[in-house]
Amino acid sequence: MLSLKIHSHLLECGTDEAGRGCLAGPVTAAAVVLPDDFSHPFLNDSKQLSEKKRDHLRGIIEAEALSFAVAHVMMEEIDQINILNASIMGMHRAIDQLNTTPQFIAIDGNRFKPYNKVPYECVVKGDSTYLHIAAASILAKTYRDEFMQGLHTEFPAYNWQKNKGYPTAEHREAIKRYGPTPYHRKSFRLLPEQLKLNL
């Protein structure tokens, strides 16, 4: 069972992102404040759960959280400021949208930038340690997957409904065959050197 939060006496939000390693689509961040009596037997890091369980948990998190928010940072911004800065910007934007200002921020990973002088702590593997970070990982993942499903209808050749923009062999083969779309991250290496496009 995961711990609820780092500081039991503070109003604390957990935050995480999804899509950092993708070749296409946004990086998506979420922030979640859970009530002090929240518990769930299989809430865990979104990567450890099936799509069906993530979708089920999303409904529970949204119904029971004291506050939650999700923010996308689009490809153009990722290309301008790099993926690490875009991920942190997404977390900041999600926290901005919470209906209450947290007294402490718990972040999945090892990098963050100060947010309005609110104390924070980075936790490596935080999404498998704390419930509020795990909840944020589930919202970030499910909202981003939903976004990529929508893009799939526009560009079905890349099969984003399945690979969600990650660098699978099938996705890279489609880039090689059809070239990049407006949703691809131009600052990323879309193909290995031996498959490089002649643009």
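Chemist: I would appreciate a short explanation of the nonpolar core in the present structure.
Modeler: The tendency in soluble globular proteins is for nonpolar side chains to be buried side by side. Val32, Leu34, Leu43, Leu57 and Ile61 are the most contacted members of the largest nonpolar core, which totals 20 residues. Elements that contribute at least two residues to this core include exactly strand S2 (27–33), helix H1 (51–64) and helix H4 (131–154). Setting aside chain neighbours within four positions, we find Leu43 in contact with Leu2, Phe38, Leu57, Ile61, Leu131, Ala134, Ala135 and Ile138. Core analysis: the second largest hydrophobic core is formed by 18 residues, Val27, Val73, Ala86 and Phe188 among them.

Chemist: What should I look at first to understand the sheet that holds strand S3 (residues 67–73) in this one?
Modeler: What links the strands of a sheet is backbone hydrogen bonding, and the strands pair in either a parallel or an antiparallel sense. Strand order in the open sheet made by the 5 strands is S3-S2-S1-S4-S5, with mixed pairing throughout. The open sheet has two free edges, formed respectively by S3 and strand S5 (120–123), since each of these has just one partner strand. Averaged over all neighbouring strand pairs, the angle between strand axes comes to 20°, with direction disregarded. Packed onto the sheet, helix H3 (residues 83–96) meets strand S1 (12–18), S2, S3 and strand S4 (104–108) and runs at close to 35° relative to S2.

Chemist: What should I look at first to understand the environment of Ala30 in this one?
Modeler: Tracing the backbone shows Ala30 in strand S2. On a C-alpha basis, the gap between Ala30 and Phe68 in space is 7.3 Å, while along the polypeptide they are 38 residues apart. Beyond its immediate chain neighbours, meaning those up to four positions away, Ala30 contacts Gly14, Thr15, Asp16, Ala69, Val70, Ala94, Ala136, Leu139 and Ala140.

Chemist: Before we go on, may I ask you to explain H4 in this structure?
Modeler: Between the first and last C-alpha of H4 there are 35 Å, a value that for 24 residues agrees with the 34 Å anticipated at 1.5 Å per step. In terms of burial, H4 is largely enclosed, as 17 of its 24 residues are buried.

Chemist: Teacher, can you tell me more about the packing of aromatic side chains here?
Modeler: Each aromatic ring pair is summarised here by two numbers: the centre-to-centre distance and the angle between the ring planes. In total, this model carries 7 aromatic pairs according to the counting rule given. With centroids separated by 6.1 Å and ring planes inclined at 55°, the aromatic side chains of Phe155 and Trp160 adopt a geometry described as tilted. Judged by its relative accessible area of 0%, Trp160 falls in the buried class. With a centroid separation of 5.9 Å and an interplanar angle of 75°, the aromatic rings of Phe155 and Tyr183 are classed as edge-to-face. With Phe155 in the loop between H4 and helix H5 (160–163) and Tyr183 in the segment after helix H6 (169–178), this pair connects stretches of sequence that are 28 residues apart.

Chemist: What should I look at first to understand the state of the cysteines in this one?
Modeler: In the structure shown here, the tally under the stated rule is 0 disulfides. Between Cys122, a free cysteine, and Cys13, which holds the nearest cysteine sulfur, the sulfur-to-sulfur gap is 12 Å.

Chemist: Explain the pattern of salt bridges here, please?
Modeler: It is possible for side chains bearing opposite charge to pair when their charged atoms get close. Counting across every chain of the model gives 7 salt bridges. The partner of Asp127 in a salt bridge is Lys47, and the shortest N-O contact between them spans 3.2 Å. Linking Asp127 in the loop between S5 and H4 with Lys47 in the loop between S2 and H1, this pair joins segments that are 80 residues apart in sequence. Assessed through its relative accessible area of 4%, Asp127 is described here as buried. With a relative accessible area of 63%, Lys47 lands in the exposed category. Linking Arg58 and Glu62 is a salt bridge whose minimum nitrogen-to-oxygen distance equals 3.3 Å.

About the criteria used
- All residue numbers refer to position in the chain's written sequence, counted from 1.
- Per-residue local features are limited, in this predicted model, to residues with pLDDT of at least 70; the limit for side-chain atom pairs, both in listing and counting, is 80 or more; totals at the level of whole chains, interfaces and linings are taken over all residues.
- Side-chain figures throughout are based on the complete set of non-hydrogen atoms in the structure, without hydrogens or water.
- Buried Ala, Val, Leu, Ile, Met, Phe, Trp, Tyr and Cys residues that are joined via side-chain atoms within 4.5 Å together make up what is termed a nonpolar core.
- Each residue is placed in one exposure class: buried if its accessible area under a 1.4 Å probe, protein chains only, is under 20% of its type's maximum, exposed if it is over 50%, and partly exposed if it falls in between.
- Only DSSP runs of H or I reaching four residues or more are called helices, and only runs of E reaching two or more are called strands; each is numbered from the N terminus.
- Residue contacts are counted whenever heavy atoms from the two residues lie within 4.5 Å of one another.
- We treat two strands as partners when DSSP finds at least two bridges between them.
- Only C-alpha atoms enter the line fits that serve as axes; for helices the fit covers just the stretch in contact. Angles between N-to-C directions range over 0 to 180 degrees.
- Here the expected length of a helix is defined as 1.5 Å per residue gap, with one fewer gap than residues.
- When the centres of two rings from Phe, Tyr and Trp lie within 6.5 Å, Trp using its six-membered ring, the rings pair. Their planes under 30 degrees apart give stacked, over 60 give edge-to-face, and anything left gives tilted.
- Here, the term disulfide refers to a pair of cysteine sulfur atoms separated by no more than 2.5 Å.
- Salt bridge, as used here, is a side-chain nitrogen of Lys or Arg placed within 4 Å of a carboxyl oxygen of Asp or Glu.

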